[in-house]
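Inside the fold
One-letter residues, chain by chain:
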Amino acid sequence: MTQPDVKFRPSALERELQALEAGMYNTPEVTRAQLRALLTRAQDGRDLRAQATAHLLLGGCALYTGQLPEVKRELDLALDLARALRDRPLTARCLNGLGLYHDRVAEYDRALQAFLDSLKLTQSAGDDVGSFRALNNLSALYTTTGQLTQAQTFHACAQQLTQVLRDPIMLASLITHQILIADRQEDPQAVLDLACQHLPLIREVGPPRWAGTVQECVSRARLRQGQADSALGVALAELRAARHRQDDEGVSRLASAAARALLVLDDLEGAEPLLRESLDLSRALGSRPVEMLALEGLAQMHERAGHFREALACARAHHALERAVHEHEVDARSQLLTAEIRMELLNRDTEIERLRNVELAQANRRLCEAQHDLLRRATHDQLTGVSNRAHF
């Protein structure tokens with residue numbers, strides 16, 4: 001039987017931290033300093049739960065500003081504290097964040113394990129919001145690795161929770177991932193239709209990074225439809241927004257997207273500085289998927305400019321990196337069957353636990369009814385139903 005969680009009443013400091021969660025999503029470059037100040041207070045007061053929450057939110061700020069090494073450091077600290085506190089929902093959030101980190105750096109096998117561990121904890125704790133996060137991110141992971149059938153399966157599970165919880169932020173996140181699936185399916189019209197319908201909601205309730213992700217997909221969709229000028233305009237506008245919010249990973253991704261449009265427009269001089277910026281940032285952040293995009297773009301640029309030696313060097317670097325990333329994809333794929341079996345076993349265990357609780361409730365009700373009947377028999381005459389002396 002599942003061990004009960006240790007219950008905590010949030011401290012005043014923890015409530016201050018929770019109030020900054022919206023800032024983590026929307027203005028992480030500003031919120032980071034406020035969180036650091038609260039973390040210092042938590043450390044001075046030896047408030048372990050507040051420390052764990054502060055590290056978790058700092059990890060989120062780092063994620064939304066593209067500071068990937070910092071994401072790992074902060075979430076590792078948060079996870080150690082959450083586990084020491086035996087707080088399953090908090091532990092699950094930390095694992096979910098670490099899964100996002102591993103996904104960003106193309107460690108797909110580790111990302112899969114983190115998301116599955118997070119899902120197991122949230123389902124056992126009855127944490128529907130946490131389960132949605134894990135399911136939605138599993139859908140995104142399988143989209144990234146090209147396993148679109150599994151991506152759609154997890155997306156459908158996340159959608160069911162969205163319909164139950166009716167949270168607009170969850171809906172915005174779900175639609176963002178649906179657009180990613182359509183982008184991976186190379187269905188530009190589906191991308192454009194979904195973006196046209198839902199981008200206002202995503203901008204209104206979601207973090208700016210989600211809108212940037214959608215617009216990156218829109219730029220690719222325009223390019224696939226032969227609208228290079230439109231694709232460039234979308235990418236450059238979102239690139240300026242990413243620079244403004246100091247989102248280094250977003251800058252690296254959108255610079256590469258804009259450069260691809262410039263290459264189609266045969267503007268090699270305009271594409272080169274964007275591709276080099278994308279390459280430098282992705283290497284500094286450890287974002288191998290973006291580094292692969294930049295190297296591929298540079299190889300194409302040099303080849304078209306007649307710089308064949310430089311093109312070959314970029315192509316070789318791209319191939320070596322692609323092979324390393326592919327190893328993690330293979331490891332993740334090899335875990336897929338095991339993951340599906342674990343999911344089935346987890347669902348079975350959850351159902352067994354539910355049925356056990358139902359049986360215990362029924363047995364408890366029958367016991368109460370029997371005790372009530374025995375008490376009535378002991379205090380009332382069986383023939384007349386009148387209270388006897390034992391009643392008084």
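Here the structure is shown first, and the text comes after it.
Attention in this report is confined to the structure presented alongside it. (Residues numbered from 1 in each chain as written. Predicted model: local features only at pLDDT ≥ 70, side-chain atom pairs only at ≥ 80, totals over all residues. Heavy atoms only, no water.)

**Points about the environment of Glu204**
With respect to the helices and strands, the residue Glu204 is situated in helix α11 (residues 188–205). Judged by its relative accessible area of 66%, Glu204 is exposed. Taking C-alpha positions, Glu204 is 9.6 Å from Pro168, a pair spaced 36 residues apart along the chain. (Helix = DSSP H or I, 4+ residues; strand = E, 2+ residues; numbered from the N terminus. Buried < 20%, exposed > 50% of the residue type's maximum accessible area, 1.4 Å probe, protein only.)

**Examining the packing of aromatic side chains**
Under the defined criterion, the tally for this structure stands at two aromatic pairs. Aromatic side chains Tyr25 and Tyr64 sit 5.5 Å apart centroid to centroid with 65° between the ring planes, which places their arrangement in the edge-to-face category. Of the two residues, Tyr25 sits in helix α2 (residues 21–26) while Tyr64 sits in helix α4 (residues 48–64), which places them 39 residues apart along the sequence. A relative accessible area of 23% means that Tyr25 is categorised as partly exposed. A centroid spacing of 5.4 Å and a plane angle of 15° characterise the contact between Tyr142 and Phe154, whose relative ring orientation is stacked. Note that Tyr142 is positioned in helix α8 (residues 128–144) and Phe154 in helix α9 (residues 148–165), a separation of twelve residues in sequence. Assessed through its relative accessible area of 10%, Phe154 is described here as buried. (Phe/Tyr/Trp six-rings, centres within 6.5 Å; stacked < 30°, edge-to-face > 60°.)

**Topic: the nonpolar core**
Ranked by size, the top nonpolar core spans 68 residues in total, and within it Leu138, Leu274 and Leu275 carry the most contacts. The leading source of residues in this core is helix α14 (residues 248–264), at nine residues. Other than its neighbours up to four places away in sequence, Leu274 contacts Leu239, Arg243, Ala255, Ala258, Ala259 and Leu262. Ranked by size, the runner-up nonpolar core spans 18 residues in total, among them Ala182, Trp210, Ala211 and Val234. (Core = buried A, V, L, I, M, F, W, Y, C linked by side-chain atoms within 4.5 Å. Contact = heavy atoms within 4.5 Å.)

**Some details on helix α7 (residues 108–125)**
The first and last C-alpha atoms of α7 sit 26 Å apart over 18 residues, in line with the 26 Å expected at 1.5 Å per residue. Positive backbone phi, approximately 70°, marks Gly126, located one or two places after α7. (Expected span 1.5 Å × (residues − 1).)

**A word on the pattern of salt bridges**
By the definition in use, this model includes 23 salt bridges. Measuring nitrogen to oxygen at the nearest pair gives 3.1 Å for the salt bridge that ties Glu216 to Arg220. A residue pair is termed a helical-turn pair when its members lie 3 or 4 positions apart in one helix, as Glu216 and Arg220 do in helix α12 (residues 208–224) at four residues. We classify Glu216 as buried; its relative accessible area is 4%. Because the salt bridges share partners, they merge into one network encompassing Arg104, Arg203, Arg209, Glu238, Arg245, Asp247 and Glu249. (Salt bridge = Lys/Arg side-chain N within 4 Å of Asp/Glu carboxyl O.)

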